[in-house]
Amino acid sequence: MSSVDRQVRAFYEDQGLPAARAQEILERARRAKAHRRRRLVVAVAAALLLFAAAAVLRTASQARALGDRVAAEVAMNHKKDLDVEIAAATYPELGTALDKLNFALAAPSTKLADHRLLGGRYCSIQAQLAAQLKVRDGAGQTATLYVTELTPPLEGLPGTRRQLDGISIEVWSEDGLLYALATGRPTV
Amino acid sequence: MEDLDLLQAGYRYALSLTGNSAEAEDLAQQGWLRLHERYGAGKGRGALFTTVRRLFVDRYRRSRRVELVAIEDLQHEPEDVAMPQTDWVDLERLLAGLREKEREALYLHAVEGYTAAEIGDLTEQSRGTVLSLIYRARLKLASGASGLGAVAGGASKEPPR
């Protein structure tokens, strides 16, 4: 006589999947695992790409919004057509007079070669101290040039040209300074 | 434990659940793939048994009639029962005649060495119920084997090796 448990154990221990079938199942699991890993890599890459695209779009959107605010501020100041407080014919001369500026006032090297400086005053752009200059071109047309230091968040501002209330506004940067030129309509 | 050994253990457990080698093969494969799909490699016997059991409940029991049998809980570990030596073919038939729960409980206890409490955790039954299932299974197998012996004139058959 033998015990039930011993015979049952012997019976089951003698059972098993055929070797070929067992290897097939193990191989299927390995292939499925490799497939899942590939899918995971693709999903992570797609997520990163999406994240990067969203970040780029967000940055571009923020820069565009900042550009809109600067343009609106420049146009508003230009429309006031305030007189110069300090008359000066050269940028160094005016820079010396506007001694509260925390940057060296310099003429833009790429534009306004045909404009003559009349003078300037203090102003601000996006709460940052700036110089508001009045210049006149060869045809006698006056324009307002704003100059401020290129610090955050203004340094993220892309060069732009736009029209606002009949005023043409061009924004660009040179040598660590942000320039904004407003021409057109006002001067009542 | 090697993957192959673990897979074979899963198959034997599936066999104890289904009582049928073809269904057990299918169940073991599904359980193995499901386990690796959910957890990857490195999971042990307990996780595989749980996965196989859930698949079995989902796939097989729903399609079968629910067997309502009152089971009296036992409080003490039942003694193993003496049984005439029975060959594999007869033993397989006797095992197939057990209720699924009895076969499963006996397998986990006699083959895997699980305690009644551990079986209760896996199968969501009380320890007393598990002890009762094991006891009933032993009695049924011993009684069935004795009957076979009587029919065969008491000749004891050695299991094939």
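Check the entry above for the structure.
1. A closer look at the interface of chain A and chain B
Between chain A and chain B, the residue contacts involve 24 residues of the former and 33 residues of the latter. Mapped onto the side of chain A that touches chain B, the elements with two or more residues apiece are strand E1 (2-3), helix H1 (4-13) and helix H2 (19-80) of chain A. Looking at the side of chain A that touches chain B, the element that brings in the most residues is H1(A), giving 9 residues. When grouped by side-chain class, the residues that make up the side of chain A that touches chain B number 12 nonpolar, 5 polar and 7 charged.

2. Things to note about helix H3 (residues 45-59) of chain B
Residue and element names in this part refer to chain B. The end-to-end C-alpha distance of H3 is 21 Å, a good match for the 21 Å that 15 residues give at a rise of 1.5 Å each. The set of residues buried in H3 consists of Leu48, Phe49, Thr51, Val52, Leu55 and Phe56. Taken down its axis, H3 places every buried residue within 165° of arc, on the same side. Opposite the packed face of H3, turned more than 90 degrees from it, sit the exposed residues Gly46, Arg54, Val57 and Asp58.

3. A word on the pairing of strand E5 (residues 142-149) of chain A
Residue and element names in this part refer to chain A. Counting buried positions along E5 gives 6 out of 8 residues, so the element sits mostly inside the fold. Where strand E4 (residues 128-136) and E5 come together, 7 bridges link them in antiparallel fashion. Counted as the bridge partner of valine 135 is alanine 143 from E5. Remark: 5 residues form the turn of the hairpin made by E4 and E5, two consecutive strands paired antiparallel; glycine 140 in that turn has positive phi of roughly 90°. Sheet topology note: the E5/strand E8 (residues 177-184) ladder contains 7 bridges and is antiparallel. Following the sheet pairing, valine 147 is matched in E8 by tyrosine 179.

4. Examining the nonpolar core
Among the nonpolar cores identified, the biggest contains 48 residues, and Ala14(B), Ala28(B), Val52(B), Ala105(B) and Ile134(B) are the most heavily contacted of them. Considering each element in turn, this core owes the most residues, 9 residues, to helix H7 (residues 127-151) of chain B. If we ignore the near neighbours within four places in the chain, the residues touching Ala105(B) are Ile119(B), Val130(B), Leu133(B), Ile134(B) and Ala137(B). Val135(A), Val147(A), Val171(A) and Ala180(A) belong to the second largest nonpolar core, which has 28 residues in total.

5. Some thoughts on the pairing of strand E6 (residues 160-164) of chain A
Residues and elements named next belong to chain A. One ladder, built from 5 bridges, connects E6 with strand E7 (residues 167-174); its direction is antiparallel. Directly across from threonine 160, in E7, lies its bridge partner valine 171. Between the end of E6 and the start of E7, which pair antiparallel, lie 2 residues, with aspartate 165 showing a positive phi angle near 50°.

6. Quick look at helix H1 (residues 3-18) of chain B
Taking 1.5 Å per residue, 16 residues should reach 22 Å; H1(B) reaches 22 Å between its end C-alpha atoms and fits that length. Buried residues belonging to H1(B) abut H1 and H2 of chain A together with helix H2 (21-39), H3 and helix H5 (100-110) of chain B. Just past H1(B), the residue Gly19(B) takes up positive phi, approximately 70°.

7. Section: unusual backbone geometry
Residue and element names in this part refer to chain A. In this model, aspartate 165 sits at a positive phi of 50°, which is unusual for a non-glycine residue. Take aspartate 165: it is sitting in the loop between E6 and E7. If you check the backbone angles, aspartate 175 has positive phi at about 45° while not being a glycine. Relative to the elements of secondary structure, aspartate 175 occurs in the loop between E7 and E8.

8. Topic: the sheet that holds E8(A)
All names here are of chain A. Spatial ordering of the open sheet is given by E2-E3-E4-E5-E8-E7-E6, a layout of 7 strands whose pairing is antiparallel. What marks the edges here is a single partner per strand, and that holds for strand E2 (86-87) and E6. Sheet topology note: the E7/E8 ladder contains 8 bridges and is antiparallel. When the bridges of E8 are listed, isoleucine 169 appears paired with alanine 182. Its contacts with the sheet put H2 on strand E3 (116-125), E4, E5, E6, E7 and E8, and the angle it makes with E7 is roughly 120°.

What counts, and where the lines are drawn
Residues numbered from 1 in each chain as written. Chains lettered and ligands numbered in written order. Predicted model: local features only at pLDDT ≥ 70, side-chain atom pairs only at ≥ 80, totals over all residues. Contact = placed C-beta atoms within 7 Å. Helix = DSSP H or I, 4+ residues; strand = E, 2+ residues; numbered from the N terminus. Nonpolar A, V, L, I, M, F, W, Y, C, P; charged D, E, K, R; others polar. Expected span 1.5 Å × (residues − 1). Buried ≥ 20, exposed ≤ 12 C-beta atoms within 10 Å, placed from the backbone. Arc of directions from axis to C-beta. Pairing = 2+ DSSP bridges. Core = buried A, V, L, I, M, F, W, Y, C linked by C-beta atoms within 7 Å. Axes fitted to C-alpha atoms, helices over the stretch in contact; angles between N-to-C directions.

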